[in-house]
Amino acid sequence: MANRSSQRLIITEYGLPVNLASTVVAHTGLDAIRARALLQEAGERAGKLLGLTSSPLLTTTQGTRAENIAGLVRLSTTLELEIVPKFLSQDGASANWREDFFFLANLFKHGTLLASDRIKASRGGARTLADLVARSLVGMYFDNRHRPIRAYRRATEDSFFLDGEVDPLDLYSPGPDGYAQQVTKYDKRTDFNALIAGAATELLSEVSDPELAFKLRRLLGDLPKQTVPNTYAVRTVSNRARAWQPIIDLSKDILQGLSLSLKSGAANAPGYLLTTWQTWEALVLLALRHTMGASNVLSQKDFKLGMREAIFPARSKVVPVYPDALVKVHGQRIVVDAKYKTSFSKGSVRISEQDIYEALAFAKATTCRHVILLYPALPRNTTPVLGEGTLFERIVLDDCTIHGVQVEVRGIAAKNGLRSFGSGLESAIIQILAAYP
């Protein structure tokens, strides 16, 4: 008989194919064909949720391989899949990357929260998901606030204004607050809103960010006084209110398992997925604007590299290039481009030839002398310093210098993490330009 205890499967993004299907067969009792189909369905679901044109989870007879995604997702009631980011592969599954990527999945449009995927998580730990989950709950609530969940209910009220059903005898002897009457109300006092309010109240005592605490109080003030939530009742909203279902699922998870880390355990936490290179690019641009000022960062603008001329029929058009950012530092313009994948040669990190050619095109089109390529830092046997930039390679070609820099991203989910990341990024750029004017 197949083992029915919960199990987490682990693969590394862009790694060699792993025979996950055999583990699925052993754990669920499915045959090999249906096991591969289960993994294929997970990949199709991930691609649809992230808006990709193809499945990022490739399953063949050789095994399963993940491309361009990281995160935690549920495959079945007893199976979960953890996709470790490529640049953390040296750390393996023991890397403390899960909370960081949970934060990034909620910060950018390139990630998605899987509130109904109840991923097994452990209680306590040095790092807590309270602030991260609170940010998700508040964001989802105010995104849907314009279409609140309401329901009809019967209530007893005391009032001198007759608006409901009153016992005739009470007309002769009203109470101090008026006539007791049965009224029908259509308002936000519902079982669903009780779950949301209960989750917000629980998080309020756990969050460390004052701004998040303020937003949670604002959420609670937006809802009338609710009944005590029943977290174990079946909670499925109507089709009209289906946009609220992820919030209801997340609220239920919060009330059943707070103070979590995403290491596998007995409690519940929401799953998530994100596209890695797009998230890294968005993080770098956000940090640059936040730290160096939006007026000093020109992002995603096209520059003319040359002209493409067709002979028959005769026509021509511009050949554009799109560097991630053109940054002004102390009056000097430089190109900053986010790169996700580094290359290895004899055990050391290097800039790939493709990245070199692209950097040269950026330099020529923008007439900039310096191009800084930013990669997420590979783990080292030292305590990570968020935002620390390390120059690992420099390429000089005539009057153009290409700088390859690894930037430490671990710890981005910590308090003021985005600010620390941006400050470290700015410091690294300034130091490089000072050393290589």
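Scroll up to find the structure this text is about.
Residues numbered from 1 in each chain as written. Predicted model: local features only at pLDDT ≥ 70, side-chain atom pairs only at ≥ 80, totals over all residues. Heavy atoms only, no water.

S.K.: Which residues make up the overall build of the protein, and what values go with them?
M.R.: Looking only at helices and strands, one finds 10 helices and 21 strands in the protein. Looking at the 437 residues of the protein, the share that counts as buried comes to 49%. Across the protein, every contact between residues at least 6 apart in sequence was considered, and the portion connecting residues at least 24 apart equals 70%. Roughly 22100 Å² of accessible area belongs to the protein as shown, and the carbon and sulfur atoms make up 51% of that amount. (Helix = DSSP H or I, 4+ residues; strand = E, 2+ residues; numbered from the N terminus. Buried < 20%, exposed > 50% of the residue type's maximum accessible area, 1.4 Å probe, protein only. Contact = heavy atoms within 4.5 Å. Areas by Shrake-Rupley, 256 points an atom, 1.4 Å probe, with all protein chains shown as cover.)

S.K.: An account of the pattern of salt bridges is needed here, citing residue identities and associated values.
M.R.: Going through the model one piece at a time under the given rule, you end up with 11 salt bridges. Between Lys339 and Asp337 there is a salt bridge; the shortest N-O distance is 3.0 Å. Summarising the burial analysis for this pair, Lys339 and Asp337 share the class buried. Notably, a salt bridge pairs Glu358 with Lys339, separated by 2.1 Å at the nearest N-O pair. Placement of the pair is Glu358 in helix 9 (residues 353-366) and Lys339 in the loop between strand 16 (332-338) and strand 17 (343-345), with a sequence separation of 19 residues. On the accessibility criterion, Lys339 (9% relative accessible area) is buried. One salt-bridge network, in which partners are shared between bridges, spans Arg8, Arg74, Glu80 and Glu82. (Salt bridge = Lys/Arg side-chain N within 4 Å of Asp/Glu carboxyl O.)

S.K.: Would you mind going over the side chain of His27 in detail, with residue names and values included?
M.R.: Relative to the assigned elements, His27 resides in helix 1 (residues 20-28). Reaching out from His27, the side chain makes a polar contact with the side chain of Gln7 at a distance of 3.1 Å. (Polar contact = N/O pair within 3.5 Å; in protein donor to acceptor, adjacent residues only side chain to side chain.)

S.K.: Let's hear about the nonpolar core: which residues, and what values?
M.R.: By size, the foremost hydrophobic cluster in this structure holds 71 residues, and its most contacted members are Leu137, Trp280, Leu288, Val327, Leu374, Ile412 and Phe421. Non-local contacts of Phe421, meaning those with residues more than four positions away in its chain, are made with Trp280, Leu283, Ala287, Leu386, Gly387, Val407, Glu408, Val409 and Ile412. Counting residues in each nonpolar core, the second largest holds 20 residues, with Val24, Ala35, Leu57 and Leu75 among its members. (Core = buried A, V, L, I, M, F, W, Y, C linked by side-chain atoms within 4.5 Å.)

S.K.: Could you give me a rundown of the sheet that holds strand 16, with the residues and numbers involved?
M.R.: Spatial strand order, 12-15-16-19-21-20: 6 strands in an open sheet with mixed pairing. On the outer flanks of this sheet lie strand 12 (297-299) and strand 20 (389-397), each paired with one strand and no other. The average angle at which neighbouring strand axes cross in this sheet is 25 degrees, direction not considered. Examined bridge by bridge, strand 20 and strand 21 (residues 400-407) share 8 bridges and lie antiparallel to one another. Residue pairing for strand 21: Thr390 is matched across the bridge by Gln406. (Pairing = 2+ DSSP bridges. Axes fitted to C-alpha atoms, helices over the stretch in contact; angles between N-to-C directions.)

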